[in-house]
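Fold and geometry: a report
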Amino acid sequence: DGGITQSPKYLFRKEGQNVTLSCEQNLNHDAMYWYRQDPGQGLRLIYYSQIVNDFQKGDIAEGYSVSREKKESFPLTVTSAQKNPTAFYLCASKVEGFQETQYFGPGTRLLVL
Amino acid sequence: EDKVVQSPLSLVVHEGDTVTLNCSYEVTNFRSLLWYKQEKKAPTFLFMLTSSGIEKKSGRLSSILDKKELFSILNITATQTGDSAIYLCAVLLSGYSTLTFGKGTMLLVSP
């Protein structure tokens, strides 16, 4: 089946801990994106990548890091520098080109213990 | 600063009602406006609007863009409980591949 998968579904983080959220796609999409969603808020862009080995900061990149070593994978690390990480994290991908829409994964909910 | 504003932020209607959701934008170099429906997890794509005045339709949902007044509306006729969701509006800027989202409208359709 083609699609975008995110794991885990739920993730618990202790104070001072780094955690990594997985995002994989088998759609052969060029561009991948990470968003954060808080209650009552829309989606805010954390990082995005248009090609392998290249990525750019979004609007709220502080306290997060990413890598893009393979076209299919775009993991997001929430570092201990992110002081308020509790949120719903969504990964998206699309074919590169201005008229192509983004398709979303099922999300990971991160909670701080 | 680019802005996308949705209204209302939340709405409760009865099954069978017709609803209109609004999305206005103030951005530089507008290219397209997109609507998504988010039920519990992943937003799913509804419409992409690029040209003014051309209605896009899918079943009971329709949407139109006004590039002069800088807004779009999403209409849902004969609402059903399955229409309960957050509806997200996003704008794609020319020269970029990223979307700027509004805060969403939470729609609850009661039986």
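As a reminder, the structure under discussion sits directly above these lines.
Residues numbered from 1 in each chain as written. Chains lettered and ligands numbered in written order. Predicted model: local features only at pLDDT ≥ 70, side-chain atom pairs only at ≥ 80, totals over all residues. Heavy atoms only, no water.

**Here's the deal with the interface of chain A and chain B**
Between chain A and chain B, the contact holds 23 residues from the first and 22 residues from the second. Interface area, chain A with chain B, both sides summed: about 1,800 Å², of which 58% is carbon and sulfur. Seen at the junction of chain A and chain B, the total is three residue pairs in polar contact (both at pLDDT 80 or more). Going through the elements one at a time, β4 (31-37), β5 (43-51) and β9 (87-94) of chain A are the ones with two or more residues in the side of chain A that touches chain B. By residue number, the principal contributor to the side of chain A that touches chain B is β5(A), which donates four residues. Of the residues contributing to the side of chain A that touches chain B, the split by class is 10 nonpolar, nine polar and four charged. (Contact = heavy atoms within 4.5 Å. Buried area = accessible area lost by both parts, 1.4 Å probe. Polar contact = N/O pair within 3.5 Å; in protein donor to acceptor, adjacent residues only side chain to side chain. Helix = DSSP H or I, 4+ residues; strand = E, 2+ residues; numbered from the N terminus. Nonpolar A, V, L, I, M, F, W, Y, C, P; charged D, E, K, R; others polar.)

**A look at the sheet that holds strand β8 (residues 76-78) of chain A**
Residue and element names in this part refer to chain A. An order of β1-β3-β8-β7 is seen for the four strands of this open sheet, with the pairing classed as antiparallel. Each having just a single partner strand, β1 (4-7) and β7 (64-66) make up the two edges of the open sheet. Geometrically, the sheet is characterised by an average inter-axis angle of 20° between neighbouring strands, direction not taken into account. (Pairing = 2+ DSSP bridges. Axes fitted to C-alpha atoms, helices over the stretch in contact; angles between N-to-C directions.)

**Description of the nonpolar core**
In terms of nonpolar packing, the biggest core is built from 23 residues, with Tyr25(B), Phe30(B), Leu33(B), Trp35(B), Tyr87(B), Val91(B) and Leu107(B) touching the most fellow members. Looking at this core, the elements that each hand over two or more residues are β3 (19-26), β4 (30-38), β5 (44-49), β7 (61-66), β8 (71-76), β9 (85-93) and β11 (105-110) of chain B. The element contributing the most residues to this core is β9(B), with five residues. Judged by nonpolar contacts, the second largest core, of 19 residues, contains Cys23(A), Ala61(A), Val66(A) and Cys91(A). (Core = buried A, V, L, I, M, F, W, Y, C linked by side-chain atoms within 4.5 Å. Buried < 20%, exposed > 50% of the residue type's maximum accessible area, 1.4 Å probe, protein only.)

**Overview of the sheet that holds β3(B)**
All names here are of chain B. Sheet architecture is open: five strands sit in the order β1-β3-β8-β7-β6, paired in antiparallel fashion. If you trace the sheet from one side to the other, it starts and ends with β1 (3-7) and β6 (56-58), each paired once. The mean angle between the axes of side-by-side strands here comes to 15°, regardless of whether they run parallel or antiparallel. One ladder, built from six bridges, connects β3 with β8; its direction is antiparallel.

**Re the pattern of salt bridges**
Going through the model one piece at a time under the given rule, you end up with five salt bridges over all chains. The closest approach of N and O atoms between Arg44(A) and Asp38(A), which form a salt bridge, is 2.8 Å. Owing to a relative accessible area of 34%, Arg44(A) belongs among the partly exposed residues under this scheme. Here Lys37(B) and Glu39(B) are joined by a salt bridge, their closest N and O atoms 3.9 Å apart. Relative accessible area serves as the criterion here: at 13%, Lys37(B) is assigned to the buried category. (Salt bridge = Lys/Arg side-chain N within 4 Å of Asp/Glu carboxyl O.)

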